[in-house]
Amino acid sequence: MKNIVLGLIIIMCFSACEKTLEEVPRDFVSKANFYNNEEDAQAAIVGVYAGLQSDFYGMNHYLMTELHGDFIFGRGSQAPITIWDQILDQTSIGRCASNWSSLYTTINRANAVLDNVSQIEDIDAETKEMILGEAYFLRALSYFELVRGWGAVPIKTSESVDLSTVEAAREPESMVYELIVADALAAESRLGETGSQTGRASKWSAKMLLAHVYLTLENWEAAADKANDVIVNGPFSLVEVESPDDFYKIFAVDSSSEDIMSVHHSETKTSGIPTYIHRGQALPYNYSSTGYFAWLPDTNSFIGDSWDDNDLRKDFNLYTEYQNFDGSWVSLPETLPVLFKKFISNSSGQNVYSVPIYRFAEAYLIYAEAASNANGGPTALALERLNIIKRRAYGLDLNTVSAEDYPSGMSSGDFSDAVLQERGYEFLLERRRWFDLKRTGTVKEAFTAAGKNIIDERLLWPIPENEINNNPAISQSDQNPGY
């Protein structure tokens with residue numbers, strides 16, 4: 001980043017010294033001839049969305065989040081990530097640095113929109129408010145990833161354009177969360193019922209982010225209220241299923257009734273996730289020796305024998321046999337007896353479909369957990385909404401009491417454990433498990449149950465060396481423990 005800023009300074013100095021060059025340049029884009037109209041504003045916000053990349057801030061961020069779960073092993077260069085009694089190796093420290101950079105790049109682009117689009121006059125007022133709302137949402141989302149991954153982080157709320165804006169100290173997590181909530185509320189008030197294009201934020205995306213943030217902060221009443229708003233007033237519905245493959249109606253379609261917000265793919269912008277869990281050839285689930293298989297299920301964890309075989313999500317998420325070219329089904333080899341299946345649906349994997357950011361099922365589970373904690377135990381509605389998700393998992397009618405239901409009379413602790421379990425099953429490979437374990441204080445309990453020893457130093461990711469070297473307000477003494 002420092003090199004980029006130095007380049008900007010050189011350009012600015014050159015412009016100032018050459019007094020004869022007074023005209024605004026018209027043959028290239030600069031701040032002097034940008035941010036003039038609605039087209040410029042739209043281009044700027046598209047640049048902020050580009051920070052999400054093809055797989056939610058890029059494959060490095062996705063894999064670092066997933067491979068910090070108790071249910072998974074890394075393979076190859078990703079194997080050291082899942083050696084839990086050691087700090088991260090240099091390769092993964094580099095991945096963390098890349099993720100930090102991606103998140104702050106997105107924040108800086110959002111700041112540029114907030115600083116400049118508000119000054120544009122040649123723009124429809126409603127469109128301006130929508131674009132500003134999207135910038136607030138994306139800044140809040142980025143800081144939410146940062147604070148959960150690194151703890152205290154620098155706060156930047158204005159565009160960085162020169163070296164004078166590089167210096168920023170790590171701020172307490174409480175201050176970061178204050179900004180996240182303020183930004184998400186600003187987004188909620190400005191965004192429309194639907195995003196202006198597929199994959200773009202709506203007010204419902206902002207409400208879900210707020211519910212998720214409030215849940216993380218243990219602001220139970222606020223979390224329950226926002227989740228309930230989405231359930232009762234939002235235009236969404238749960239996709240009903242009868243077989244494991246029916247879950248592809250959620251994941252292997254351009255959009256579903258459950259999609260609140262997701263990163264959308266196309267033939268020219270594909271997902272990298274299938275490459276890491278599988279690399280099939282021509283047929284669904286076809287095993288190939290050329291696959292990366294970098295993410296392997298750990299069946300000693302909660303996704304093993306304790307996962308009821310009658311839960312349709314199990315067969316949707318995992319597979320033990322593959323289809324050969326002659327149409328026959330063959331067991332996976334002993335070296336890789338179980339593989340992830342969720343993001344595979346055809347010969348190219350799920351490359352052209354969507355990676356969820358928020359989907360409707362999560363509103364039910366957030367409400368259930370938050371309402372129970374707010375009331376000192378599960379209310380009837382909290383229990384019913386938890387059971388609706390479980391009934392769907394078994395292919396049952398969503399609104400009919402079933403033998404699979406969680407019973408009434410559960411203690412607050414047992415109910416919270418049940419919600420955590422359902423979140424684990426429901427959002428497998430959707431970047432939820434690690435942060436769920438952290439916010440509930442159950443990391444060591446879950447890892448011990450899976451036969452793993454995790455050290456405290458793994459609970460936060462390392463501050464990048466470049467940040468320490470280039471940011472005068474941060475020194476090695478500010479580094480997270482162990483690095």
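Residues numbered from 1 in each chain as written. Predicted model: local features only at pLDDT ≥ 70, side-chain atom pairs only at ≥ 80, totals over all residues. Heavy atoms only, no water.

Enquirer: Sorry, what's going on with the overall build of the chain here?
Expert: Across its full length, the chain carries 17 helices and 10 strands. Within the chain, the fraction of its 483 residues that count as buried is 56%. Taking the intrachain contacts of the chain between residues at least 6 apart in sequence as the baseline, contacts between residues at least 24 apart amount to 69%. Accessible surface computed for the chain: about 20300 Å², of which carbon and sulfur atoms make up 49%. (Helix = DSSP H or I, 4+ residues; strand = E, 2+ residues; numbered from the N terminus. Buried < 20%, exposed > 50% of the residue type's maximum accessible area, 1.4 Å probe, protein only. Contact = heavy atoms within 4.5 Å. Areas by Shrake-Rupley, 256 points an atom, 1.4 Å probe, with all protein chains shown as cover.)

Enquirer: In this structure, what is going on with the packing of aromatic side chains? I would like to understand it.
Expert: Any pair of aromatic rings gets described here by the distance separating the centres and the angle formed by the planes. Scanning all chains against the criterion turns up 24 aromatic pairs. An angle of 90° between the planes, with centres 6.4 Å apart, marks the rings of W204 and F236 as edge-to-face. Placement of the pair is W204 in helix 7 (residues 203–216) and F236 in the loop between helix 8 (220–233) and helix 9 (248–251), with a sequence separation of 32 residues. Judged by relative accessible area, which is 2%, W204 ranks as buried. F236 sits in the buried class, given a relative accessible area of 15%. Above the plane of the ring of Y406 lies K390, whose end atom (NZ or CZ) is 4.1 Å from the centre. (Phe/Tyr/Trp six-rings, centres within 6.5 Å; stacked < 30°, edge-to-face > 60°. Lys NZ or Arg CZ within 6 Å of the ring centre and 35° of its normal.)

Enquirer: What is the right way to read the side chain of N387 from this model?
Expert: Relative to the helices and strands, N387 is located in helix 13 (residues 380–393). Here Y406 takes part through its backbone nitrogen, which lies 2.6 Å from a polar atom of the side chain of N387. Setting aside residues no more than four positions away along its own chain, N387 makes contact with D405 and Y406. (Polar contact = N/O pair within 3.5 Å; in protein donor to acceptor, adjacent residues only side chain to side chain.)

Enquirer: Looking at this model, I keep getting lost on the nonpolar core. Mind explaining?
Expert: Generally speaking, nonpolar side chains in soluble globular proteins are found buried as a group. If you look at the biggest cluster of nonpolar residues, it comprises 136 residues, and the most contacted ones within it are F137, W295 and F340. If you tally residues by element for this core, the top one is helix 5 (residues 125–150), at 13 residues. (Core = buried A, V, L, I, M, F, W, Y, C linked by side-chain atoms within 4.5 Å.)

Enquirer: Help me understand the pairing of strand 10 (residues 354–359) in this model?
Expert: A regular strand places its side chains so that they alternate between the two faces of the sheet. Within strand 10, six of the six residues are buried, which leaves it mostly tucked inside the rest of the structure. As paired elements, strand 4 (residues 259–264) and strand 10 share five bridges and run antiparallel to each other. Looking across to strand 10, one finds that H264 is bridged to S354. (Pairing = 2+ DSSP bridges.)

Enquirer: Whenever I open this one, the environment of S243 confuses me. Can you help?
Expert: Mapped onto the secondary structure, S243 falls in the loop between helix 8 and helix 9. Given the relative accessible area of 28%, S243 is considered partly exposed.

Enquirer: Got a minute to help me understand the side chain of R423 in this structure?
Expert: Tracing the backbone through its elements, the reader meets R423 in helix 14 (residues 412–426). Accessibility expressed as a relative area gives 1% for R423, which makes it buried.

Enquirer: Please clarify how the environment of V181 should be interpreted in this entry.
Expert: Note on placement: V181 falls in helix 6 (residues 173–190). Judged by its relative accessible area of 16%, V181 is buried. Linking V181 and A211, residues 30 residues apart in sequence, is a C-alpha distance of 9.9 Å.

Enquirer: How should the pattern of salt bridges be read in this particular structure?
Expert: Close approach of charged atoms allows side chains with opposite charge to pair. The full count for this structure, using the stated rule, is 30 salt bridges. A salt bridge links K452 to D298; the shortest N-O distance between them is 3.0 Å. Of the two residues, K452 is situated in the loop between helix 16 (443–449) and helix 17 (465–470) and D298 in the loop between strand 5 (295–297) and helix 11 (312–317); the sequence distance between them amounts to 154 residues. The two residues K452 and D298 agree in class, both being buried. The shortest N-O distance in the salt bridge between E369 and R439 comes to 2.7 Å. Highlighted residues: E369 in helix 12 (residues 360–374) and R439 in helix 15 (residues 433–439), separated in sequence by 70 residues. In this structure E369 comes out as buried when scored by relative accessible area, which is 5%. For R439, a relative accessible area of 15% puts it in the buried group. Salt bridges here are not isolated pairs; linked through shared partners, they connect E258, D311, R313, K342, R359, R392, E422, E426 and E430. (Salt bridge = Lys/Arg side-chain N within 4 Å of Asp/Glu carboxyl O.)

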